[in-house]
Structures are given as structure tokens and as C-alpha cells.
Amino acid sequence: MPLTIHHLGRSQSERIVWLAEELGIEYKYVFHKRDPIFSPQSIKDLHPAGTAPVIEDDSSPFTKNKVVLAESGAIIDYIIAAYGEGRLSRTPKDGEEYVHFLEWYHWANASLQPALFRVLMTRRLSNDPEAVHVKVGTAKLERALSMIENRLGETGSYLAGNDVSAADIMAICTLTTMRGFCPIDFDEQKHKNILAYLKRVGDRPAYQRAMKICEGEDFVPMLGPKAVQFSFPY
Ligand SMILES: N[C@@H](CCC(=O)N[C@@H](CS)C(=O)NCC(=O)O)C(=O)O
């Protein structure tokens, strides 16, 4: 099995396991436990970024050298091109859906994920919900959530269109597992499309398999309105 996926517990690297399960490709899975909340040495030894996800590929179709890749988007593009026959991505042949795909795929990790972490950091800086940086952080996240809510209202299903894509694989962990670091509740009315989307994803066998592989049988993915703060070590 040439492809190895490294997952750090309760982290964005669940994306890559979900991707591989959706594609039905073979891979070797390696779990790394947080130390106590950051990457352990075993992740830092793999790649100078010291972050998860990381993949290794011993027989890349693109180079004779061993591939060691960090960064979710790069890894997703690589796996889809190398082993996924383009599935779960969109191309110019998909017309308008391609354009939507591009925006949501990149926005998920470049804007949505930082918006959640901005709230996490600003809450740490101040307990006062009226402090200006807390208010700005919260407003930016709320704007991001309302973008998703409206988009899901348009498609009635997934971010790029009717079917799941890598844009969803990129976005979902911010709306689920990452809320364990920064508890953000969803409102049953205001976020009803997001909640229906989380249920839709949670019903996917590949997502269910991925979450069990990543976090074990007892872990309950955060697919409902209420977020639960993780405590470490776990
Ligand atoms: N933009 C990067 C973010 C990677 C990242 O920060 N991963 C977190 C897991 S959620 C991590 O490795 N945290 C541990 C650490 O930074 O020590 C990606 O999408 O791959």
C-alpha cells in the first residue's frame, strides 16, 4: 500500500480519511495522539510544518521520489489526481458548478476555518463578549455561517451542487470537530440548512467509517446544534 495517511486525534486530518473512504481507495492509516493538545514529535518528524494532515506516498504516479505532503488542500488535490480519477473535484467541464466548487473549496480552509479560530483566540484574550475584538470575531464567523446557510438553501444539498465534493470534505470538520475547540452552537432556525447538511453528511457511510477510524467507536461526531468543548488529554 503506497499511500499512508497520518491523522492527529481530533483534527482537520479527518478530512483526508473521509476523502479516502469516499473514494474507496486503499491506504495505510497512522494515528498520532496530541501532546497534550499540539502535534507530537512523530508528526514534526514527518514534515517541517509539524501539522496534520500529512501523507506519504512511496510510489507516486507523478515523481520517482517519495512524496511527503502537508496542507489539507494540497493533499486532497494530490489524492484525487493520483488515485481518485478526478472524483469529488469539479473541472471546467462542470460549468457553473466548477465555479461554485472553486470558491467553496478554497474558502473553507482559507476563510471559514480561520474565522472559527479567530473566535477561539479572541475569547481567550477576553471574557467580555462586548470587547471589540470579540465582537468583530463573532460577527465575522456569523457572516461566514450565513454564507453557508444561504448557499445550502440554494442547492438544498451540498456546497458545490447536488452531490458531495471536496468542498464539503474541506468545510465539514470546521462545522463539527473543530467546534470542540471553540464551542459554537447552531440555532435551529437561523442555521437550519447547516443542521440539515450536517445530518446529510452524518448519514453518509464513508463519513461514518472515517470518524470511527479517526476517533474510535465511542466518539460522537458534533453534528447537532450543541457544541461540546473537548478536554485534553482525552
Ligand atoms: N492549514 C493547515 C492547518 C494544519 C493544522 O494546523 N493542523 C492542526 C490540526 S487541526 C495541527 O496540526 N495542530 C497541532 C499543532 O499545530 O501542533 C491544513 O489544512 O493542513
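Residues numbered from 1 in each chain as written. Predicted model: local features only at pLDDT ≥ 70, side-chain atom pairs only at ≥ 80, totals over all residues. Heavy atoms only, no water.

A. Inspection of the environment of E217 at higher detail. Within the element layout of this structure, E217 appears in the segment after α8 (205-215). Given the relative accessible area of 60%, E217 is considered exposed. Between the C-alpha atom of E217 and that of M121, which follows or precedes it by 96 residues, the distance is 31 Å. (Helix = DSSP H or I, 4+ residues; strand = E, 2+ residues; numbered from the N terminus. Buried < 20%, exposed > 50% of the residue type's maximum accessible area, 1.4 Å probe, protein only.)

B. Examining the pattern of salt bridges more closely. According to the stated counting rule, one finds 11 salt bridges in the structure shown. Here R209 makes a salt bridge to E21, at a shortest N to O gap of 2.7 Å. You can see R209 sitting in helix α8 and its partner E21 sitting in helix α1 (residues 14-23), a full 188 residues away along the chain. The exposure class of R209 is partly exposed, given its relative accessible area of 40%. Salt-bridge contacts for R151 lead to E154; the nearest nitrogen and oxygen are separated by 2.9 Å. Note that R151 and E154 are positioned in helix α5 (residues 132-155) at a spacing of 3 residues, about one turn of the helix. Given the relative accessible area of 59%, E154 is considered exposed. One salt-bridge network, held together by shared partners, links E56, D58 and K66. (Salt bridge = Lys/Arg side-chain N within 4 Å of Asp/Glu carboxyl O.)

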